[in-house]
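One-letter residues, chain by chain:
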Amino acid sequence: MFWNLVRYEFKNVNKWYLALYGAVLALSALIGVQASSLKSIDTPDQQMIMLVFLGLVFGGLIITLSISTLILIIRRFKGSVYDRQGYLTLTLPVSEHQIILAKLLGAFIWSLISSAVLVLSIYIIVVIIEPNFIDLLPFKDLFQQYLDSIGLYLISFILSTVSGILCIYLAISIGQLFNEYRTALAVLAYIVIQIVLGFVGLNLRIDTNFNMMLTFEIFTDLILIAGFYLGTYYILKNKVNLQ
């Protein structure tokens, strides 16, 4: 039943999101072509205008991609757990743990897809502008030199993504405890959580070396994941307030 929940997370996603990913990649290629054509423009002012314009277009793509992924994560959890569809979800023969984990896995995969699309779009732009930009030997040497850091960074990235998603889930769960202004209170809860974490992070910051910083972030993310998950689970288990 758990994997049926996971499949449901992808089956009911609007194809608009897939179209958006395709549009981002297509526009990245267009931006790369336009940027490479700047070499033929002799007027410096025109070059600057075109660079600013292309930068704004690419920035808009990144913002659109980020916001759409965030909306997808919020809608898939809030809509199917705490809105009307929640009556059906909570009557399924699954535990609260399975519901949260299925939502989390789906959101994590969509986040990875969005990140991959972003990296690929940057790669497309760079390669079109300068085809000889990537030299495999230097990158290979760099990869071997910082292999430990790369592994820690990937672990930190995964845990940070999971922690961010669960923080959203906890904020939504806190917001649904109230009968009115649930969305506004969920946003407020998220802001308060981030402010508290930011304040604590400033006082516990470690600046010794890069590997130590990553290790500390991994340890911190594990604690946050446990806290956010248990908080969400407790509310879903004991304090559900469906509308």
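Our subject is the structure that appears above.
Source: prediction; values computed, not measured. (Residues numbered from 1 in each chain as written. Predicted model: local features only at pLDDT ≥ 70, side-chain atom pairs only at ≥ 80, totals over all residues. Heavy atoms only, no water.)

Q: Break down the nonpolar core for me, with residues and values.
A: Counting residues in hydrophobic clusters, the biggest one holds 31 residues, and the most contacted among them are Tyr-82, Ile-165, Leu-166, Tyr-169 and Phe-228. Mapped onto this core, the elements with two or more residues apiece are helix 1 (2-11), helix 3 (44-81), helix 5 (96-129), helix 7 (147-175) and helix 9 (210-238). At nine residues, the largest contribution of residues to this core is made by helix 7. In this structure, Phe-228 is in contact with Ser-163, Leu-166, Cys-167, Leu-170, Ile-193 and Leu-197, ignoring residues within four places of it in sequence. (Core = buried A, V, L, I, M, F, W, Y, C linked by side-chain atoms within 4.5 Å. Buried < 20%, exposed > 50% of the residue type's maximum accessible area, 1.4 Å probe, protein only. Helix = DSSP H or I, 4+ residues; strand = E, 2+ residues; numbered from the N terminus. Contact = heavy atoms within 4.5 Å.)

Q: Lay out empty space enclosed by the protein with the relevant residues and their values.
A: One pass over the structure, following the stated rule, counts one cavity of 30 Å³ or more. When its volume is computed, the largest cavity comes out at roughly 70 Å³. Glu-9, Leu-72, Ile-73, Arg-76, Phe-77, Lys-103, Gly-106, Ala-107, Trp-110 and Tyr-169 are the residues that line the largest cavity. Of all the secondary structure elements, the ones that give two or more residues to the lining of the largest cavity are helix 3 and helix 5. Here the lining of the largest cavity is composed, by residue class, of six nonpolar, one polar and three charged. (1 Å grid on protein atoms, 1.4 Å probe; cavity = no way out; pocket = protein on both sides within 12 Å on 5 of 7 lines; lining within 4 Å. Points joined across faces, edges and corners; volume = space filled by probe spheres on them. Nonpolar A, V, L, I, M, F, W, Y, C, P; charged D, E, K, R; others polar.)

Q: A description of unusual backbone geometry should follow, citing residues and the corresponding values.
A: At Tyr-181, a residue that is not glycine, the phi angle is positive and equals roughly 55°. As for its placement among the helices and strands, Tyr-181 is situated in the loop between helix 7 and helix 8 (182-203).

Q: Explain a nonpolar patch on the surface to me, and be specific about the residues and the numbers.
A: Together, Leu-188, Val-192, Val-196, Phe-199, Val-200 and Leu-204 make up a nonpolar patch on the protein surface, roughly 540 Å² of accessible area in all. Among the structural elements, Val-192 can be located in helix 8. On the basis of relative accessibility, which here comes to 42%, the residue Val-192 falls in the partly exposed class. (Patch = residues over 30% accessible without salt bridge, like charges linked within 9 Å, V, L, I, M, F, W, Y side chains within 5 Å. Areas by Shrake-Rupley, 256 points an atom, 1.4 Å probe, with all protein chains shown as cover. Salt bridge = Lys/Arg side-chain N within 4 Å of Asp/Glu carboxyl O.)

Q: Give me the packing of aromatic side chains: which residues, what numbers.
A: All told, the structure shown has three aromatic pairs when counted by the stated rule. Both rings, one in Phe-77 and one in Tyr-82, keep their centres 5.7 Å apart while their planes meet at 80°; by these two values the pair is edge-to-face. One exposure class covers both Phe-77 and Tyr-82, and it is buried. Consider the rings of Phe-77 and Tyr-169, whose centres lie 4.0 Å apart with planes at 10°: the pair is stacked. Within this pair, whereas Phe-77 is found in helix 3, its partner Tyr-169 is found in helix 7, the two being separated by 92 residues in sequence. Under the relative-accessibility criterion, Phe-77 is labelled buried at 0%. Using a relative accessible area of 1% as the deciding quantity, one classes Tyr-169 as buried. (Phe/Tyr/Trp six-rings, centres within 6.5 Å; stacked < 30°, edge-to-face > 60°.)

Q: Would you mind going over helix 9 in detail, with residue names and values included?
A: The terminal C-alpha atoms of helix 9, which comprises 29 residues, lie 42 Å apart, in line with the 42 Å expected from a rise of 1.5 Å per residue. Where helix 9 is concerned, the buried positions are Leu-214, Ile-218, Asp-221, Leu-224, Ile-225, Phe-228, Tyr-229, Thr-232, Ile-235 and Leu-236. (Expected span 1.5 Å × (residues − 1).)

Q: Pulling in residues and values, what's your account of the packing of helix 2 (residues 16-36) against helix 5?
A: Where helix 2 contacts helix 5, the axes come no closer than 7 Å and their chain directions differ by 20°. Overall, the two elements helix 2 and helix 5 adopt an arrangement that is roughly parallel. The two elements helix 2 and helix 5 cross, and the hand of that crossing is right-handed. Listed contacts from helix 5 to Leu-18, Tyr-21, Val-24, Leu-25, Ser-28, Ala-29, Ile-31, Gly-32, Val-33, Ala-35 and Ser-36 of helix 2 are Trp-110, Ile-113, Ser-114, Val-117, Leu-120, Ser-121, Ile-124, Ile-125, Ile-128 and Ile-129. Class assignment for the residues of the contact of helix 2 with helix 5 results in 16 nonpolar, five polar and no charged. (Axes fitted to C-alpha atoms, helices over the stretch in contact; angles between N-to-C directions. Parallel < 35°, antiparallel > 145°, perpendicular 65-115°, else oblique. Left-handed = near helix turned anticlockwise from the far one by under 90°.)

Q: An account of the environment of Leu-177 is needed here, citing residue identities and associated values.
A: Along the chain, Leu-177 falls in the loop between helix 7 and helix 8. Residue Leu-177 is classed as partly exposed on the basis of its relative accessible area of 37%. Excluding its chain neighbours within four sequence positions, the residues that come into contact with Leu-177 are Ile-235, Lys-239 and Asn-241.

Q: Tell me what's going on with the layout of surface pockets, and back it up with residues and numbers.
A: Estimated volume of the largest pocket: approximately 1000 Å³. Broken down by secondary-structure element, the contributors of at least two residues to the lining of the largest pocket are helix 3, helix 5, helix 7, helix 8 and helix 9. Tallied by class, residues from the lining of the largest pocket come to 20 nonpolar, 14 polar and three charged. Surrounding the second largest pocket, 16 residues form its lining, Ile-74, Ile-168, Ile-172, Ala-186 and Val-187 being those nearest its centre. Elements with a minimum of two residues in the lining of the second largest pocket: helix 3, helix 7 and helix 8.

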